[in-house]
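Structural description and commentary
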Amino acid sequence: MEVIQMNKFKTITALLLTGILTLSLLTACGNSTSSDHADSSTAGPSQIVSSAQGGQQSSPEETSDGLVVTTAGKVQGTLNDGVYTYLGVPYAHATERFVPAQAVEPWEGVFQADTYGNISPQGAMFGMPGQAQPGTDNNCQNLNIWTPGVGDDGARPVMVWLHGGGFSNGSGNDQGYQGGNLSRSGDVVVVTVNHRLNLFGHLDLSAYGEKYERSANVGITDIVAALEWIQDNIAAFGGDPDNVTVFGQSGGGAKVLALMTSPYAQGLFHKGIVQSGATETVGVNFTSQEASTRLTENFLSILNISEDNIETLQTISEDELQSAGTQALQMTADEFQIPAALGEGYSMEWEPVVDGDFLPSHPVTEESFASAGADIPLLIGSNLNEWNFFPAQEQGEQVSQELTDAVRAAYPGKTELTAGQVDTLIRLPMLKIMSHKADQNGAPVYAYLFTYGMSFHGAEIPYVFRNTEDTLEEQAMADQLSQVWVSFARTGIPGGDGIPAWEPYTRESGATMLLDTQAELVYHHDRELMNLMAPDYVY
């Protein structure tokens, strides 16, 4: 057996990718935090037009011309190319930091849902510090909706997108997540969610009073609140509350896994899609209570805060909090020797905490998979290249003929593909998750691998949302992927035009759909390759 010695390559790649990722996130946040955004209050005065008929309603319903009555009040959307769009709709209201958000206070008049709402403060990731930005707020509990029809009893599948950026960055307002094309083509209701991130969503203050009991996971309790709002209101927007799929990429996929692990989310959604959504330390596992407690101790020590003045955290500046958070993450990673996801050394990220209650376990358990997710059908996969999208740059030992042959056997149509371009960082954890979920003998698991073109991390997203350039090949890929995702959301079985019958994944079969210009169902196609590249990995 042979192991590729690529530590130097991974370190260089990590440095490059950190810069690329930071730049892309800042660009995305710039798109998401412009002056078009809603005020930081639950429903800003500039967004509400007073109406003699306004006020609290007993149940949601559609009135006329895109005007919808929700449980909190009337919401006016806009009609764009046959799709009604509602932006910045509040689903909850965070009045304090580090505590669960409260129900939205009903408003009188009409909420004009024509501008994006606030997003969460953006935090440290891969050792890069978070910084205060305009358009961010702890009170960022709002969502965006795209639907082909309102008040028409359409009972359409509801697809709730959870954005990437780990649990530290990003937003549901990114231009790449605009749901109009997917909603129109698939006749589905698309929802994107904003929620608290980084230390605002996952700083564990549970040792400092009952008030902060849920502080380690308020980023996820926000999402649960959004799903509760969807249950109460989405029928008025043409959606079926009994057919809700949560889907997400990267950190968004890990959020899907967190929801599948929490008993507090049971019954609020019915299917899950995980796109490149895990590494070994984020998604397969989450932060342990021990590490979370120590992280908080380090954080408070840096700020000279104790139990006696813990409420100072409610008013201290965001920049000071983020600076302390970045330092505390590294200190704790070094203490617990948490392997960095990219590159060498130790690193820790903000993420959910396995507290024994809200998250009773890690998603992957020793026996199988988290019990709360047993009845949730899962579509799960990753991309062929992910972070390894540079030309062949294997470092260290000469690549053997055995390894080259294994690459050719796994991907016979990819004649230029090298072992150094094949992802293992995410592919192996995906195999672990799908295998343990299949071991549960609950709802089925469907596996895919996106291999089209240079399939870097996130490359599939524009095809899923149909937000692509109009070349014939790209349009065909958008048709394929969006149909697969919609089919799964509608029926629980992925499929589409030109897609072979899709068999569920099991350990025995290894059934996996390769999504490319020509989709192909394969069986354990890369088992030998993965064994050669990571012989010690057990899943």
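Residues numbered from 1 in each chain as written. Predicted model: local features only at pLDDT ≥ 70, side-chain atom pairs only at ≥ 80, totals over all residues. Heavy atoms only, no water.

**Topic: the overall build of the protein**
- Tallying secondary structure elements over the protein gives 12 helices and 18 strands in all.
- Within the protein, the fraction of its 539 residues that count as buried is 60%.
- Accessible surface for the protein amounts to roughly 20,300 Å². Of this, 48% is attributable to carbon and sulfur atoms. (Helix = DSSP H or I, 4+ residues; strand = E, 2+ residues; numbered from the N terminus. Buried < 20%, exposed > 50% of the residue type's maximum accessible area, 1.4 Å probe, protein only. Areas by Shrake-Rupley, 256 points an atom, 1.4 Å probe, with all protein chains shown as cover.)

**Focus: unusual backbone geometry**
- Of note, the phi angle at A155 is positive, near 45°, even though the residue is not glycine.
- Structurally, the position occupied by A155 is in the loop between β8 (142-147) and β9 (156-162).
- With phi around 60°, S250 is a residue other than glycine that occupies positive phi space.
- Counting through the fold element by element, S250 comes out in the loop between β11 (239-249) and α5 (251-261).
- Residue classification places S250 among the buried positions, given a relative accessible area of 18%.

**So, the pattern of salt bridges**
- Applying the stated criterion across every chain yields a total of 13 salt bridges.
- Of the charged contacts in the structure, one is a salt bridge between D152 and R156, with a shortest N-O distance of 2.8 Å.
- One continuous salt-bridge network, built from bridges that share partners, spans E96, K211 and E311. (Salt bridge = Lys/Arg side-chain N within 4 Å of Asp/Glu carboxyl O.)

**Let's talk about the pairing of β8**
- β8 sits mainly inside the fold: six of its six residues count as buried.
- Residues N142, N144 and W146 line one face of β8 and the alternating positions L143, I145 and T147 line the opposite face, and both faces are buried.
- In this sheet, β8 lies alongside strand β6 (residues 83-90) in antiparallel orientation, the contact comprising five bridges. Residue pairing in the sheet places P90 in a bridge with N142 of β8.
- In this structure, β8 lies alongside strand β10 (residues 189-193), joined through four bridges in antiparallel fashion. For W146, the partnering residue across the bridge sits in β10 and is V190. (Pairing = 2+ DSSP bridges.)

**Some remarks on the packing of helix α6 (residues 289-303) against helix α7 (residues 318-336)**
- Contact geometry for α6 and α7: axes closest at 8 Å, N-to-C directions at 135°. Relative to α7, α6 is oriented oblique. The two elements α6 and α7 cross, and the hand of that crossing is right-handed. Across from E290, A291, R294, L295, N298, F299, I302 and L303 in α6, the residues of α7 making contact are E320, L321, A324, G325, Q327, A328, L329, M331, T332, E335 and F336.
- Its residues placed into classes, the contact of α6 with α7 shows 11 nonpolar, four polar and four charged. (Axes fitted to C-alpha atoms, helices over the stretch in contact; angles between N-to-C directions. Parallel < 35°, antiparallel > 145°, perpendicular 65-115°, else oblique. Left-handed = near helix turned anticlockwise from the far one by under 90°. Contact = heavy atoms within 4.5 Å. Nonpolar A, V, L, I, M, F, W, Y, C, P; charged D, E, K, R; others polar.)

**Remarks on α5**
- Burial analysis of α5 places 11 of its 11 residues in the buried class, which makes it a mostly covered element.
- For α5, the full list of buried residues reads G251, G252, G253, A254, K255, V256, L257, A258, L259, M260 and T261.
- At its buried positions, α5 is contacted by β9, α4 (218-233), β11, β12 (271-275), β15 (378-383) and α9 (427-439).

**What about the side chain of R97?**
- Considering the arrangement of structural elements, one finds R97 in the loop between β6 and β7 (110-112).
- Salt bridges are absent for the buried R97, whose nearest opposite-charge side chain, E318, sits at 6.2 Å.
- Of the polar contacts made by the side chain of R97, one reaches the backbone oxygen of I316; its length is 2.8 Å.
- Not counting residues up to four positions away in its chain, the partners in contact with R97 are N138, R196, F200, Y212, L313, Q314, T315, I316, E318 and L321. (Lys, Arg positive; Asp, Glu negative; His and termini not counted. Polar contact = N/O pair within 3.5 Å; in protein donor to acceptor, adjacent residues only side chain to side chain.)

**Here we look at the environment of T78**
- Tracing the backbone shows T78 in strand β5 (residues 78-80).
- On the basis of relative accessibility, which here comes to 30%, the residue T78 falls in the partly exposed class.
- Between the C-alpha atoms of T78 and D65, which are 13 residues apart in sequence, the distance is 8.8 Å.
- When neighbours within four sequence positions are excluded, T78 is seen to be in contact with V83, Y84, T85 and D114.
- Within the structure, the side chain of T78 is placed 3.1 Å from the side chain of N80, a separation counted as a polar contact.

**Things to note about the sheet that holds β10**
- One open sheet holds the 11 strands; their spatial order is β5-β6-β8-β10-β9-β11-β12-β15-β16-β17-β18, and the pairing between them is mixed. Edge strands, defined here as strands with exactly one partner in the open sheet, are β5 and β18 (520-523). Strand-to-strand, the axes of this sheet are offset by a mean angle of 25°, without reference to chain direction.
- As judged from the four bridges shared by strand β16 (residues 445-450) and strand β17 (residues 511-515), these two strands associate in the parallel manner.

**Some details on the pairing of β15**
- Burial analysis of β15 places six of its six residues in the buried class, which makes it a mostly covered element.
- Relative to β15, β12 runs parallel, the two sharing four bridges. From the neighbouring strand, G272 faces β15, where its bridge partner is L378.
- By the bridge criterion, six bridges tie β15 to β16 in an arrangement that is parallel. For I380, the partnering residue across the bridge sits in β16 and is A447.

**Quick look at the nonpolar core**
- Judged by nonpolar contacts, the single largest core of 89 residues is most densely connected at Y86, V160, V191, L259 and L529.
- Per element, the largest residue contribution to this core is eight residues, and it comes from α4.
- With residues up to four places along the chain from it excluded, the contact list for V160 reads V191, V193, L227, I230, V244, T245, V246 and F247.
- If you look at the next biggest cluster of nonpolar residues, it comprises 37 residues, including Y116, Y452, Y463 and V464. (Core = buried A, V, L, I, M, F, W, Y, C linked by side-chain atoms within 4.5 Å.)

**Some words on the packing of aromatic side chains**
- Counted according to the given criterion, the structure contains 17 aromatic pairs.
- Taking the ring centre of Y264 as reference, the NZ or CZ of R214 above it sits at 4.8 Å.
- Above the ring of F167, the side-chain terminus of K255 is found at 5.9 Å from the ring centroid. (Phe/Tyr/Trp six-rings, centres within 6.5 Å; stacked < 30°, edge-to-face > 60°. Lys NZ or Arg CZ within 6 Å of the ring centre and 35° of its normal.)

**A few points about the environment of I380**
- In this fold, I380 is placed in strand β15.
- Once the C-alpha coordinates of I380 and L431 are considered, the two residues, 51 residues apart in sequence, prove to be 9.2 Å apart.
- When neighbours within four sequence positions are excluded, I380 is seen to be in contact with V274, M430, I433, M434, V445, Y446, A447 and Y448.

**Description of the environment of L515**
- Of note, L515 is situated in strand β17.
- Separated by 31 residues in sequence, L515 and V484 place their C-alpha atoms 9.8 Å apart.
- If we skip the residues at most four places from it in the chain, L515 touches Y448, L449, F450, T451, Y452, M477, Q480, L481, W485, I499 and W502.

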